[in-house]
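Architecture and fold: a report
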Amino acid sequence: PLTLEEVRMLVELFYLPYHHGALAQQLLEHFRWLRANSLSVGVPATAPDACGGTRWRGRAQSFQLLCARTCRLHSRLVSTASRALLYDLHPYLWDIRNLLLAASAFVLWLGCQSISAPMLLGRDAEPWARRGGLFGELQALLPVGNSCDLFYHPPPLFPSSQLYLLRPLLPLDKRGGQWVLGVLSEGGGCSKVSQAQFSPAPALPGRLLGSFLSLSPEYTFVLEDEGGPCGYAAGALHAEGFLQQRDSSWLPAIRHKYPPELGTGGPALGQDALEEAVLFFHAEPLAVPQPVLRRFPSLVQLGTAPRVLDVGASRSLALCLLSALRANGSRGVFCQVSDTDRQQLSFYSKLG
């Protein structure tokens, strides 16, 4: 059963509409302070502090631990609460968990940045557009907090106790000049997960993430569950320059490394899959119309493994990537999807 401490946490998260319990208050205070005093992105600290970096990282660690405790509470409630209590409380705790997954990864991302840019929050949303309580206040603190459609999704009919970790691509993921990361290796981003090394990318996984890992690794996020990596979100802040660099330098290097005839000699990887991946690199990419690039200057790409049935985890991926791009000044994003790829079209549609 739930412990007394876990019940206390639950009460503190949903104390009163305009009065937070201790846990909720800590989460908000940490997040406000971390966003306002980020070392590299957002509003700089108001007073010089020789130990500012150490202090910021200490508070970031405290925030991460509080987020992890809340995510574990969600998992514990699903596993142990009576059905009547679970279905009453789950929608609220599920929302908070999803938002804290994104907020936790966003704070981690802030601590990894070496670039300096404004955190743009845009105009204030109409009062009716934002919910009250802890969820609404956390939403307002994310750079995409006024994009209300991102925050409203019905909870799953069948709650899952699966624990997730969402994080940016970290320096530890790079070993010996190569990215070592579990990625989605087939289809349009919604197929099986396999371990892969990028140098800059072998044929199968490189089709999905190779250009982002080589040219825009600072906007790459990883979703993990108890089975390992199960999803990714990747973006390019300035899509026009990214696509030019991809076509002028990255693609020629990949084509040289993986010539067309390679697709006829790789039964170990699956003949059809390898041939399709190699042909993908040698096909000319479709040009993005200039009006699209002017209105939506950033490119995004997301995918999850089939075992990720909880749309909340996918939504957290999207929130985190969009927050990072918005924090550095992006006005809008687009993604490229084949009109025949129903799986990916459905995936993005479910995210709204």
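As a reminder, the structure under discussion sits directly above these lines.
The following refers to the structure shown.

Reading the values: the criteria
Residues numbered from 1 in each chain as written. Predicted model: local features only at pLDDT ≥ 70, side-chain atom pairs only at ≥ 80, totals over all residues. Heavy atoms only, no water. Helix = DSSP H or I, 4+ residues; strand = E, 2+ residues; numbered from the N terminus. Buried < 20%, exposed > 50% of the residue type's maximum accessible area, 1.4 Å probe, protein only. Contact = heavy atoms within 4.5 Å. Areas by Shrake-Rupley, 256 points an atom, 1.4 Å probe, with all protein chains shown as cover. Expected span 1.5 Å × (residues − 1). Polar contact = N/O pair within 3.5 Å; in protein donor to acceptor, adjacent residues only side chain to side chain. Salt bridge = Lys/Arg side-chain N within 4 Å of Asp/Glu carboxyl O. Pairing = 2+ DSSP bridges. Axes fitted to C-alpha atoms, helices over the stretch in contact; angles between N-to-C directions. Core = buried A, V, L, I, M, F, W, Y, C linked by side-chain atoms within 4.5 Å. Domains from an automatic or database assignment. Left-handed = near helix turned anticlockwise from the far one by under 90°. Nonpolar A, V, L, I, M, F, W, Y, C, P; charged D, E, K, R; others polar.

A few words now on the overall build of the chain. Within the chain, the regular secondary structure consists of 11 helices and eight strands. With 352 residues in all, the chain has 49% of them scored as buried. Restricting the contact set of the chain to residue pairs at least 6 apart, pairs at least 24 apart contribute 71%. Per element, the accessible surface of the chain, about 17,100 Å² overall, is 58% carbon and sulfur.

Taken residue by residue, helix α5 (residues 133-141) has Leu-134, Phe-135, Gly-136, Leu-138, Gln-139 and Leu-141 as its buried positions. At its buried positions, α5 is contacted by α1 (4-13), α2 (22-36) and α4 (83-112).

A few words now on helix α10 (residues 311-327). Counted at 1.5 Å a residue, the expected span for α10 with its 17 residues is 24 Å, and the 24 Å between its end C-alpha atoms agrees. The buried fraction of α10 is high, at 15 of 17 residues. In this structure Asp-310 caps α10, since a side-chain oxygen of it lies 2.8 Å from the backbone nitrogen of Gly-312.

A few words on the pattern of salt bridges. A complete count under the given rule lists nine salt bridges for this structure. Between Arg-32 and Glu-137 there is a salt bridge whose closest N-O contact spans 2.7 Å. In this pair, Arg-32 is assigned in helix α2 and Glu-137 in helix α5, connecting sequence segments 105 residues apart. Here Arg-246 and Asp-247 are joined by a salt bridge, their closest N and O atoms 2.9 Å apart. The class for Arg-246 is buried, based on a relative accessible area of 13%. Bridged by salt links that share partners, the residues Glu-5, Arg-8 and Arg-69 form one connected network.

Overall, mixed pairing links the five strands, which are arranged β1-β5-β6-β7-β8 in an open sheet. With partners counted over all chains shown, the strands left at the sheet margins are β1 (165-168) and β8 (333-334), one partner each. Note that strand β7 (residues 298-304) and β8 share two bridges and pair parallel. Each residue of the ladder has a partner; that of Ser-298, found in β8, is Val-333. Along the sheet, helix α7 (residues 239-257) makes contact with β6 (228-236), β7 and β8, crossing β7 at roughly 75°.

This paragraph deals with the nonpolar core. If you look at the biggest cluster of nonpolar residues, it comprises 66 residues, and the most contacted ones within it are Leu-27, Phe-31, Phe-221 and Leu-302. At 13 residues, the largest contribution of residues to this core is made by α4. For this core, the two domains that each supply at least three residues are domain 1 (1-159) and domain 2 (162-351). With 16 residues, the next largest nonpolar core counts Leu-208, Leu-209, Phe-212 and Leu-243 among its residues.

Another aspect to go through is the packing of α2 against α4. Viewed as axis vectors pointing N to C, α2 and α4 meet at an angle of 35°, and their least axial separation amounts to 11 Å. For the pair α2 and α4, the sense of crossing is left-handed. Contact residues: α2 offers Leu-27, Phe-31 and Leu-34, while α4 offers Leu-100, Ala-103, Phe-106, Val-107 and Leu-110. Residues of the contact of α2 with α4, tallied by class, amount to eight nonpolar, no polar and no charged.

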